[in-house]
Amino acid sequence: MKKILWVTLFLLAAGCVACTHNGGRSNSTAYSFAVDIPEGWRRIDRPYLLITKEGPFLQNIMVQNRFIGRSFRYTKKKMQKKMLPEEAAQIIIDEYASDQNIGNLKVLNNSPADINGHDGFKILLTYLGPKGNEFHTLYYGFIKADTFFNLRFTAGGRQNFQKDIETFKRVLNSFQVIKANKS
Amino acid sequence: MITRLCKFFFYLSCLLLSGLTTGCSTHPEPIASDRLLTNADEQFLWQKAEEEQRVLESSDLIYPDEKLEAYLNDIVAKLQSQTAQSDLEIRVKVIKNAYLNAFAYPNGMIYIHTGLLARMDNEAQLAAVLAHEITHCTHRHALRVFRHFKDRRSFLTGVQQALMANKGLQKLAQNIGLTGSLAAVSGYARELEAEADRVGTELMTRAGYNPKDALSLFDHMISEIEQAGSEEPFFFGNRARVRERIDNLQSLPADRYSRPRPIIINSELFLAKLDQIFLDNARLDIRLGRFQAARRSVEKFLRIKPDNTRAHFLLGESYRQQGQDSDIPKALKSYNRAITLDPNFAAPHKALGLIHYKKGQRALAKKFFESCLQLSPNTPDKAYIKGYLRQFTLSEEG
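About the criteria used
- Think of each chain on its own: its residues are numbered from 1, step by step along the sequence as written.
- Chain letters and ligand numbers both follow the written order, the letters beginning at A and the numbers at 1.
- Only residues with pLDDT of 70 or above have their local features reported here, since the model is predicted, and side-chain atom pairs are shown and tallied only from 80 upward, although totals for entire chains, interfaces and linings are computed over all residues.
- Labels follow the DSSP assignment, with helices taken as runs of H or I lasting at least four residues and strands as runs of E lasting at least two, numbered in each case from the N terminus.
- Exposed residues have 12 or fewer other C-beta atoms within 10 Å of their own C-beta, buried residues have 20 or more, and residues in between are partly exposed; the C-beta atoms are placed from the backbone.
- Residue pairs are scored as contacts if the distance between their C-beta atoms, which are placed from the backbone, is within 7 Å.
- Strand pairing is defined by DSSP finding a minimum of two bridges between the two strands.
- Only buried Ala, Val, Leu, Ile, Met, Phe, Trp, Tyr and Cys residues enter a nonpolar core, and they are joined through C-beta atoms within 7 Å.
- Note: domain ranges come from an automatic or database domain assignment.
- Asp, Glu, Lys and Arg are counted as charged, while Ala, Val, Leu, Ile, Met, Phe, Trp, Tyr, Cys and Pro are counted as nonpolar; the rest, among them Gly, fall into the polar class.
- Every residue carries a pLDDT, the predictor's confidence in it, which falls somewhere between 0 and 100.
- The axes are straight lines fitted to the C-alpha atoms, using for helices just the contacting stretch, and the angles between their N-to-C directions are given from 0 to 180°.
- Working rule for angles: under 35 degrees goes down as roughly parallel, over 145 as roughly antiparallel, 65 to 115 as roughly perpendicular, anything else as oblique.
- Two helices cross in a left-handed way if the nearer one is turned anticlockwise from the farther one by less than a right angle. They cross in a right-handed way if the turn is clockwise.

## Some words on the overall build of chain A
Then, number 1: The helix and strand tally for chain A stands at three helices and ten strands.
Then, number 2: Listing the helices and strands of chain A from first to last along the sequence gives α-β-β-β-β-β-α-β-β-β-β-α-β.
Then, number 3: For chain A, with 183 residues in total, the buried portion stands at 31%.
Then, number 4: Sequence-distant contacts, at least 24 apart, represent 46% of the contacts inside chain A between residues at least 6 apart.

See below:
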């Protein structure tokens, strides 16, 4: 009984550490960008910046810099330096559309966007995940030198999407390129 | 001890089964052990298959084309008339998916992907794939696999585990279900697949097709998989499994299947019946970045309908989206041809606008963007086009 109690206490403590609310600014040298991390959101250990408030399946914000020559998972298309934002947006839509794990993909909006002075695109998508749950994704992206920068907000269900969209916009507005390089 | 015994009987049954199948004659007869649906195992499998098909049919994966289905079902009827299993109703439907595959449920429902159909050149190749799938149904391969497992739960867990190994297929597994996935992704044991090759070849030969046509299809598939440099997620997109098909067909004694009768190839009829598949699948291949495959499909279509606007536009897209400067003149040629054939089709105007915009040819770009907006004022990409036009205005003012 005593042993079970200690294990439970340990697990609770470990859970608290994992749930630490971060906030602050991410300008780690691991990335080529800096963004403000909202209060109450925590990082999840990934090769890109992934933050969530209540768990990645409920809502997450992902910020990534990737070398334009790097292949995507599903489409074999590649980003190119001289690509227009519209062409880059098409590759992202094709990547989602080619993913066998998602269904009923709908592109609700695809338009040019200014991402803190960078000419890019904005796509709003809805789709069903592997277990049939609905997801909403707002995806911003632009190409600078050899790097494709992207910021996306994904939420499970419309309600979760509406709840944190303003938080995502604040993250988007705080975004700054530190250095466009390969990753 | 009990576990050891179970394992022993399991391996014994595997051995017996492989002995049965390898020892099978090449007569296209189904297992005559018992009649259809007279045992609980088969009833369970059929019930599961029907449930899974209802989910699949309600998804957006089915390619809706009744005339095409009727043509495919006619070929199935021609092939099935060569079997003894006439009480099993076998039907075919098409799935919108650019990956190479076809699979059968135990209750006789066959699904074939647009991707596999688009790679074919004639009816004989189609008959080869259908005859293979028909044999899985008539020879009750799903039931034979099911009986390898000690109970229903371990069967379902086994298939589920195989699917979980392929993380890219969870959504698909949800749509086609476990019995569908078993056939679609991993295929059956080597012996059962060999039986489907052997019996299927005899079915198609008896129905008047030349089995050598199947070889040219599988050869083409192998070279495409090798060219792509990566394997596809399904059975017919797996290099090793397609190689097995070729080896099995090549190992069949040639004289056994040569019949002094007219050979059916039906290239023209096949191309005419599948024309829309070639275009629709080319669009899926362009999305996947498989530009060469897309071009081959469009070119096949253009052999039947050389003046089709949409086909010329798609050919242009396959060149432009590939992003090589050397392909741009070919893209221009295709878009211009599309506009000549139908000046009111907005999409090639937009594509020409983009090409000229990137080349810095502002006057031409402006002309095509404006004509696109005029032809299709509510085009989904109007925000981009208006943005380009706004830039032109600003630079003129500046």
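## With respect to the sheet that holds strand β10 (residues 176–177) of chain A
By way of backbone hydrogen bonds, the strands of a sheet pair with one another, either parallel or antiparallel.
Then, number 1: The strand order across the open sheet built from three strands is β1-β2-β10 (chain A), with neighbouring strands paired in antiparallel fashion. This sheet does not close on itself; its edge strands, each paired only once, are β1 (25–26) and β10 of chain A.

## Here's the deal with the environment of Thr-83 of chain B
Then, number 1: Note that Thr-83 of chain B resides in the loop between α3 (66–80) and β1 (91–95).
Then, number 2: Judged by the 22 C-beta atoms lying within 10 Å of it, Thr-83 of chain B falls in the buried class.

## Focus: the pairing of strand β4 (residues 49–52) of chain A
Residue and element names in this part refer to chain A.
Then, number 1: Burial along β4 is one-sided: Leu-49 and Ile-51 are buried, and none of Leu-50 and Thr-52, which face the opposite way, are.
Then, number 2: Sheet topology note: the strand β3 (residues 42–44)/β4 ladder contains three bridges and is antiparallel. Bridging across to β4, Ile-44 finds its partner in Leu-50.
Then, number 3: With antiparallel pairing between neighbouring strands as the criterion, β3 and β4 make up a hairpin whose turn holds four residues.

## Description of the nonpolar core
Generally speaking, soluble globular proteins have nonpolar side chains that are buried together.
Then, number 1: Grouped together as the largest cluster of nonpolar side chains are 94 residues, with contacts concentrated most on Leu-79, Ile-110, Ile-112, Ala-127, Leu-130 and Val-298 of chain B.
Then, number 2: A total of nine residues in this core trace back to one element, the largest contributor, which is helix α5 (residues 123–138) of chain B.
Then, number 3: Each of domain 1 (21–267) and domain 2 (275–397) of chain B accounts for three or more of the residues forming this core.
Then, number 4: With residues up to four places along the chain from it excluded, the contact list for Leu-79 of chain B reads Ala-127, Leu-130, Ala-131, Ile-134, Leu-203, Met-204 and Ala-207 of chain B.
Then, number 5: Residues Leu-49, Ile-51, Leu-125 and Tyr-140 of chain A belong to the second largest nonpolar core, which totals 32 residues.

## Considering the domain arrangement of chain B
All names here are of chain B.
Then, number 1: Per the domain assignment, the segments of chain B are domain 1 (21–267) and domain 2 (275–397).
Then, number 2: When residues of the side of domain 1 that touches domain 2 are traced back to their parent elements, those giving at least two are α4 (114–118) and α10 (212–228).
Then, number 3: Considering only residue class, the side of domain 1 that touches domain 2 consists of four nonpolar, two polar and two charged.

## Quick notes on the confidence of the model for chain A
Then, number 1: This prediction gives chain A a mean pLDDT of 85; 83% of its residues lie at or above 70.
Then, number 2: Scored below 50 in pLDDT, residues 1–21 of chain A shows five contacts in the model against residues more than four places distant or in partner chains.

## Some thoughts on the interface of chain A and chain B
Then, number 1: Of the residues lining the interface, 20 residues belong to chain A; the matching set on chain B comes to 21 residues.
Then, number 2: Among the secondary structure elements, those contributing two or more residues to the side of chain A that touches chain B are α2 (85–98) and β6 (103–115) of chain A.
Then, number 3: Residue contributions to the side of chain A that touches chain B peak at five residues, all from β6 of chain A.
Then, number 4: Residues of the side of chain A that touches chain B, tallied by class, amount to five nonpolar, ten polar and five charged.

## Details of the packing of helix α9 (residues 190–206) of chain B against helix α11 (residues 239–251) of chain B
Residues and elements named next belong to chain B.
Then, number 1: It is the contact of α9 with α11, at a shortest axis distance of 10 Å, that shows an interaxial angle of 50°. When the axis of α9 is compared with that of α11, the two are oblique. The two elements α9 and α11 meet at a crossing, and its hand is right-handed. Together, Arg-190, Glu-193, Ala-194, Asp-197, Arg-198 and Thr-201 of α9 and Glu-244, Arg-245, Asn-248 and Leu-249 of α11 make up the contact between the two elements.
Then, number 2: Split by residue class, the contact of α9 with α11 holds two nonpolar, two polar and six charged.

## Some thoughts on the sheet that holds β4 of chain A
Residues and elements named next belong to chain A.
Then, number 1: An order of β3-β4-β5-β9-β8-β7-β6 is seen for the seven strands of this open sheet, with the pairing classed as antiparallel. The sheet is open, and its two edges are formed by β3 and β6, each paired on a single side. Direction aside, the axes of adjacent strands within the sheet are offset by 20° on average.
Then, number 2: Relative to strand β9 (residues 147–156), strand β5 (residues 59–67) runs antiparallel, the two sharing nine bridges. Looking at β9, one finds that Val-63 is bridged to Leu-151.
Then, number 3: Across the sheet, helix α3 (residues 158–174) lies against β5, β6, β8 (134–144) and β9, angled at about 150° from β9, the strand it touches most.

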